[in-house]
Amino acid sequence: MSREKQGHWLTRPATIRRLWYAFGAVLAAVVAAQFFVHVHAVAGVDGLFGFHAAYGFLSCVAMVLAAKLLGVWLKRPDDYYADDRHDV
Amino acid sequence: MFETVLPPALLFYLAAALIAWGPSRAARPLALLAPLAALALVWGVGDGVRGTVPLLGWEAVWLEGDAVRRLFATIFAIMAFGGALFALRQAPRREIAAALAYAGSAVGVCFAGDLLVLFVFWELMALFSTLVIWHGGTPTARRAGLRYAVLHLLGGVLLKAGILAVWVQTGSLEVRALTGGDWPAVLVLAGVLINAAAPPVSAWIADAYPEATPWGAVFLSAFTTKTAVLALILLFPGEPILVWVGLWMIFYGILYALLENDMRRILAYSVVNQVGFMVVGVGIGSALAINGAAAHAFTHILYKALLFMSAGAVLYQTGRRKCSELGGLFQSMPLTTVCGTVGALSISAFPLTSGFVSKSLTVGAAAGQGLTGVWLALVAASAGVFLHAGIKFPWFVFFQKDSGLRPPDPPWNMRWAMVLFSLACLLLGVFPGLLYALLPAPVDYVPYTAEHVVTQLQLLLFAGLAFFVMLPLMRRTPTITLDFDWFWRVAGPRVYRALLTVLAKAGAAARRLFETAAVGLRAVPVGRGARETTAMALLVLLVFALQLGLALFCSSTG
């Protein structure tokens with residue numbers, strides 16, 4: 001296949017795979033860094049090894065799910081207010 | 001060093017008038033020079049009362065300086081320069097004029113030495129910002145601007161009532177901490193919080209700002225909410241309720257931004273989120289926390305303006321604003337992508353960016369005051385900022401699927417504005433001392449410790465992992481999310497129409513009864529005009545009765 005058809009190098013599956021590997025390595029590295037850096041606990045639990053990693057991940061999962069739930073209740077088509085019956 | 005004796009706001013107004021109505025060739029250079037000259041004036045304002053003017057038998061203090069006032073005025077002037085550069089060649093003259101007058105009013109609030117002067121500039125800010133929104137030029141912008149104006153005038157009424165009550169109570173209009181939680185203070189607080197986009201009226205920001213022009217929104221993102229933060233610092237430092245108000249704003253901003261599809265509405269919700277951090281800081285009230293709120297306002301203006309510039313550049317080049325219609329733009333707009341990403345990393349408080357050195361002051365203050373729960377919430381929220389603004393915005397606009405759009409980067413003035421603000425974000429991130437030197441209290445805080453960098457990177461990078469793991473759940477849909485503004489945009493008019501119908505029926509029935517009784521004839525069919533007249537008459541009577549009741553109630557309790 002020619003380079004044209006493959007599109008931008010950043011969008012090729014091989015590049016994306018490599019980016020994932022690199023991202024995984026960086027994630028492992030910032031957690032492993034805690035072997036060498038002492039973290040002072042503020043709340044007690046945050047002294048645990050890798051607390052910030054787990055907390056960052058889990059709180060984001062929780063926020064996405066919370067938003068999803070809120071969306072079930074409050075999402076409307078984006079022309080909702082365009083209708084003159086509603087708007088002032 | 002010279003001494004400023006006239007408010008820098010006047011310079012902005014003069015420049016705005018010349019830009020709008022003066023010779024057209026001078027307009028654009030003036031738009032760049034005026035904010036720079038104002039910046040010099042801001043730095044000439046010494047500490048304490050520097051200028052008064054007789055006003056209705058009152059010695060109004062229109063110029064009072066201290067470190068925090070100068071800090072806010074400094075960033076407002078810098079912002080006016082960056083905004084003017086971004087708008088320079090594309091915006092009509094009158095829009096630039098309105099935007100500079102808006103900036104000038106914000107600077108006027110900064111140096112207001114008494115509540116009356118503060119109120120005057122506050123209202124002028126509402127007026128000129130409404131003009132900026134109306135320059136959006138669409139019917140939607142017109143209606144959103146009207147709603148914005150009404151809400152801010154309502155806030156102004158609350159503020160005015162509170163200020164008068166403070167005056168009646170204390171005989172003083174001095175700008176000082178209004179603690180004690182009595183009614184005058186509550187009214188002032190409510191008036192200020194409306195401008196801070198606090199609940200339940202946070203919706204005005206996502207309603208109005210995204211309807212402005214690509215450059216109008218850049219100006220709008222900076223001034224109104226941040227003058228509210230300054231007012232909170234001056235009037236309500238350490239007010240405990242602000243911690244909870246701020247936390248609500250933080251999570252409201254994240255959740256609504258996660259659900260949003262319009263790129264500039266994502267950024268508008270994100271303003272609420274970031275102002276929430278500042279409000280929490282003011283609520284904590286320690287010297288470190290107030291420093292944090294002030295520093296965060298400073299850095300926030302830079303990176304949020306930068307984000308709005310990159311979104312504005314995309315809008316200007318593509319005419320599209322929905323994430324579901326964008327994507328893949330990094331291929332043809334590399335500079336906008338890089339600048340937008342710098343803004344996104346800064347708002348997420350990545351090390352080496354401005355957000356890292358400012359947000360950690362507030363978060364550190366929560367820990368320092370032993371507010372463990374608040375600290376945990378702020379840390380989770382910091383991860384959430386990366387989620388909703390740090391990755392979501394650049395990902396859906398510049399990457400994700402390929403929309404097939406290949407617009408080039410925007411014209412030179414827009415590019416330079418983005419580059420300048422990107423450099424400023426990185427400069428403050430690398431040399432935090434530049435910012436810390438301007439803060440109201442001496443700073444005994446070192447942001448770059450190995451511990452802080454490692455924990456922050458863990459937090460943010462794993463938040464990033466969560467984003468990509470949850471990506472299937474975040475597919476963009478062409479939807480909006482209902483907010484409290486539903487009550488005044490849908491429920492209010494519905495109730496009004498229902499009330500009118502009920503009154504019309506009651507009126508018609510009363511009329512039939514009257515005519516039958518008086519004339520002894522069968523009821524005359526009532527025309528539409530007559531029905532409405534009767535309804536209005538009954539409505540007037542009802543309102544009159546309510547007023548009478550209210551007056552009686554007030555006189556009996558007062």
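Residues numbered from 1 in each chain as written. Chains lettered and ligands numbered in written order. Predicted model: local features only at pLDDT ≥ 70, side-chain atom pairs only at ≥ 80, totals over all residues. Heavy atoms only, no water.

Caption draft 1: Main features of the interface of chain A and chain B. Between chain A and chain B, the contact holds 48 residues from the first and 53 residues from the second. Taken over both partners, the interface formed by chain A and chain B buries close to 4700 Å², and the fraction arising from carbon and sulfur atoms is 73%. Viewed at the interface, chain B and chain A are joined by 1 salt bridge. Note that D78(A) is salt-bridged to K322(B), the shortest N-O span being 3.0 Å. Only helix 2 (13–32), helix 3 (51–74) and strand 1 (75–77) of chain A provide two or more residues apiece to the side of chain A that touches chain B. With 18 residues, the top contributor of residues to the side of chain A that touches chain B is helix 3 of chain A. Partitioned by chemical class, the residues of the side of chain A that touches chain B number 29 nonpolar, 11 polar and 8 charged. Sheet topology places strand 1 of chain A next to strand 3 (residues 479–481) of chain B; 3 bridges connect them, and they run antiparallel. (Contact = heavy atoms within 4.5 Å. Buried area = accessible area lost by both parts, 1.4 Å probe. Salt bridge = Lys/Arg side-chain N within 4 Å of Asp/Glu carboxyl O. Helix = DSSP H or I, 4+ residues; strand = E, 2+ residues; numbered from the N terminus. Nonpolar A, V, L, I, M, F, W, Y, C, P; charged D, E, K, R; others polar. Pairing = 2+ DSSP bridges.)

Caption draft 2: Looking closely at the domain arrangement of chain B. Here chain B is described as being made up of domain 1 (1–231), domain 2 (239–473) and domain 3 (485–557). A C-alpha centroid distance of 52 Å is found between domain 2 of chain B and domain 3 of chain B. (Domains from an automatic or database assignment.)

Caption draft 3: Just the packing of helix 13 (residues 287–318) of chain B against helix 15 (residues 354–368) of chain B, in detail. Residue and element names in this part refer to chain B. Packing of helix 13 against helix 15 leaves a shortest axis separation of 8 Å and a crossing angle of 155 degrees. Classed by the angle they form, the pair helix 13 and helix 15 counts as roughly antiparallel. The hand of the helix 13/helix 15 crossing is left-handed. Contact residues: L288, A289, N291, G292, A293, A295, H296, T299 and Y303 in helix 13; S354, G355, S358, K359, L361, T362, G364 and A365 in helix 15. Per-class residue counts for the contact of helix 13 with helix 15 are 7 nonpolar, 9 polar and 1 charged. (Axes fitted to C-alpha atoms, helices over the stretch in contact; angles between N-to-C directions. Parallel < 35°, antiparallel > 145°, perpendicular 65-115°, else oblique. Left-handed = near helix turned anticlockwise from the far one by under 90°.)

Caption draft 4: Geometry of the packing of helix 13 of chain B against helix 16 (residues 372–398) of chain B. Residue and element names in this part refer to chain B. Two elements in contact, helix 13 and helix 16, have axes separated by 12 Å at closest approach and are oriented at 15 degrees. Between helix 13 and helix 16, the angle is such that the two are roughly parallel. Taken as a pair, helix 13 and helix 16 cross one another with a handedness that is left-handed. Of the residues in helix 16, those in contact with L307, S310, A311 and V314 of helix 13 are F393, V397 and F398. Taken together, the residues that form the contact of helix 13 with helix 16 break down as 6 nonpolar, 1 polar and no charged.

Caption draft 5: Focus on the pairing of strand 2 (residues 58–65) of chain B. All names here are of chain B. Judged by how many residues are buried, strand 2 sits mostly within the fold: 6 of 8 residues are covered. Here strand 1 (residues 48–55) runs beside strand 2; their pairing, made up of 7 bridges, is antiparallel. Of the residues in strand 2, the one forming a bridge with V53 is A60. Remark: 2 residues form the turn of the hairpin made by strand 1 and strand 2, two consecutive strands paired antiparallel; L56 in that turn has positive phi of roughly 50 degrees. (Buried < 20%, exposed > 50% of the residue type's maximum accessible area, 1.4 Å probe, protein only.)

Caption draft 6: Geometry of the environment of L471(B). Residue and element names in this part refer to chain B. Along the chain, the position of L471 falls in the loop between helix 19 (450–469) and strand 3. Residue classification places L471 among the partly exposed positions, given a relative accessible area of 22%. A sequence separation of 106 residues divides L471 from A365, and the C-alpha atoms of the two residues are 34 Å apart. When sequence neighbours within four positions are dropped, the list of residues in contact with L471 reads W395 and F396.

Caption draft 7: The confidence of the model for chain A, seen in detail. Averaged over chain A, the pLDDT score is 86; the fraction of residues at 70 or greater is 86%. Looking over chain A, one finds the lowest element-wise mean pLDDT in helix 1 (residues 3–6) of chain A, namely 54, and the highest in helix 3 of chain A, namely 96. (pLDDT = per-residue confidence, 0-100.)

Caption draft 8: Structural detail: the pattern of salt bridges. Residues and elements named next belong to chain B. Counting across every chain of the model gives 12 salt bridges over all chains. Where D207 meets R489, a salt bridge forms, and the shortest distance between an N and an O atom there is 3.4 Å. Highlighted residues: D207 in helix 8 (residues 203–208) and R489 in helix 20 (residues 485–519), separated in sequence by 282 residues. With a relative accessible area of 9%, D207 lands in the buried category. Taking the relative accessible area as the measure of exposure, R489 reaches 6% and is therefore buried. Here R406 and D402 are joined by a salt bridge, their closest N and O atoms 2.8 Å apart. Residues joined by salt bridges that share partners form a network here, namely R147, D207, D485 and R489.

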